[in-house]
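Topology and contacts: notes
So you can see what is in the structure, the chains are spelled out below.
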Amino acid sequence: QVQVVESGGGLVKPGGSLRLSCAASGFSLSDYYMSWFRQAPGKGLEWVSYISSGSGYTHYTDSVKGRFTISRDNAKNSLYLQMNSLRAEDTAIYHCARARRALAAADAFDIWGRGTMVTVSA
Amino acid sequence: DIQMTQSPSSLSASVGDRVTITCRASQDISTYLNWYQQKPGKAPRLLIYGASSLQTGAPSRFSGSGSGTDFTLTISTLQPQDFATYYCQQCSAVPLTFGGGTTLVIK
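An account of the accompanying structure is given in this report.

Calculation criteria
- Residues numbered from 1 in each chain as written.
- Chains lettered and ligands numbered in written order.
- Predicted model: local features only at pLDDT ≥ 70, side-chain atom pairs only at ≥ 80, totals over all residues.
- Heavy atoms only, no water.
- Core = buried A, V, L, I, M, F, W, Y, C linked by side-chain atoms within 4.5 Å.
- Buried < 20%, exposed > 50% of the residue type's maximum accessible area, 1.4 Å probe, protein only.
- Helix = DSSP H or I, 4+ residues; strand = E, 2+ residues; numbered from the N terminus.
- Contact = heavy atoms within 4.5 Å.
- 1 Å grid on protein atoms, 1.4 Å probe; cavity = no way out; pocket = protein on both sides within 12 Å on 5 of 7 lines; lining within 4 Å.
- Points joined across faces, edges and corners; volume = space filled by probe spheres on them.
- Pairing = 2+ DSSP bridges.
- Axes fitted to C-alpha atoms, helices over the stretch in contact; angles between N-to-C directions.
- Salt bridge = Lys/Arg side-chain N within 4 Å of Asp/Glu carboxyl O.
- Polar contact = N/O pair within 3.5 Å; in protein donor to acceptor, adjacent residues only side chain to side chain.
- Nonpolar A, V, L, I, M, F, W, Y, C, P; charged D, E, K, R; others polar.

Examining the nonpolar core
Residue and element names in this part refer to chain A. If you look at the biggest cluster of nonpolar residues, it comprises 27 residues, and the most contacted ones within it are Met34, Trp36, Leu79, Leu81, Met83 and Tyr94. In terms of residues, this core owes the most to one element, strand 3 (residues 18-25), which gives 4 residues. Excluding anything up to four places from it in sequence, Leu79 contacts Leu20, Ser21, Cys22, Leu29, Met34, Ser35, Trp36, Ile51, Ile70, Ser71, Arg72 and Cys96.

Structure (structure tokens):
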């Protein structure tokens, strides 16, 4: 079954760090663009970052540049989001998602996880 | 950044109605426009990609149209399971951006 499952969320103090994981099954993660999205409580969807298939180049939304790092481990078929210098405004459910087409630029995301909650609070 | 504006933000309708949601991009995005459905506590679900292509498994009562800056999502005959929040998203350029969402509620 093709699916992704996130883990690693929790409560962290402002300025702290957290590493999110996304375990993929039913497909080879390295063949697809993979992305992190987030949704603050009661708010809409926001794109955070993606990593390309193949060479693995990365892009980030401006508000997380220099603080978050996306990466993948092909052997473990897993995606990660290292989050440093966390702020209250980073509080959200973080979803991992797979691009629709293998070995092609991301034109849509068809497989989403249910997400993991990150709460940044003193 | 490309701004995506959805309207209405909330829509009240009845089972069996035909409903249309609109999405406008702040610049030309060709047909790099997707529609997602999200229910409370659930992951988003891709319905329409490339402005008008129905995602595998999505019901045929959903359709999309448009190109450039103006797009629509139409549900031909509302079913009880369609009451949810709908988001448009552009994949023309980073940062990828979403509309603010349209919440479809039962009248």
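Moving on, there is more to tell.
Re the layout of surface pockets
Empty space among the atoms becomes visible once a probe the size of a water molecule is rolled across them. Estimates place the volume of the largest pocket at around 240 Å³. Lining of the largest pocket is provided by 17 residues; of these, Gln38, Lys39, Pro40, Gly41 and Lys42 of chain B occupy positions nearest its centre. Looking at the lining of the largest pocket, the elements with two or more residues in it are strand 9 (92-99) of chain A together with strand 11 (102-106) of chain B. Among the elements that take part in the lining of the largest pocket, strand 11 of chain B stands out by supplying 3 residues, more than any other.

Side note on the sheet that holds strand 3 (residues 19-25) of chain B
Residue and element names in this part refer to chain B. Strand order in this open sheet of 4 strands is 1-3-8-7, and the pairing throughout is antiparallel. Edge positions in the sheet fall to strand 1 (4-7) and strand 7 (62-67), since each has one partner strand and no second. Along the sheet, successive strands turn relative to each other by an average axial angle of 15 degrees, direction set aside. Relative to strand 8 (residues 70-75), strand 3 is paired through 6 bridges, and the arrangement is antiparallel. Residue pairing for strand 8: Ile21 is matched across the bridge by Leu73.

Examining the environment of Gly100 of chain B
Residues and elements named next belong to chain B. Positionally, Gly100 belongs in the loop between strand 10 (97-98) and strand 11. Residue Gly100 is classed as exposed on the basis of its relative accessible area of 63%. Put simply, Gly100 and Lys39 are 61 residues apart on the chain and 15 Å apart in space, counted from C-alpha to C-alpha.

Side note on the interface of chain A and chain B
Contacts between the two partners involve 20 residues from chain A and, on the opposite side, 17 residues from chain B. At the boundary of chain A and chain B, one finds 0 salt bridges. In this assembly, chain A and chain B are joined by 6 residue pairs in polar contact (both at pLDDT 80 or more). Of all the secondary-structure elements, those providing two or more residues to the side of chain A that touches chain B are strand 4 (34-39), strand 5 (45-51) and strand 10 (109-112) of chain A. Tallied by class, the residues present in the side of chain A that touches chain B amount to 8 nonpolar, 6 polar and 6 charged.

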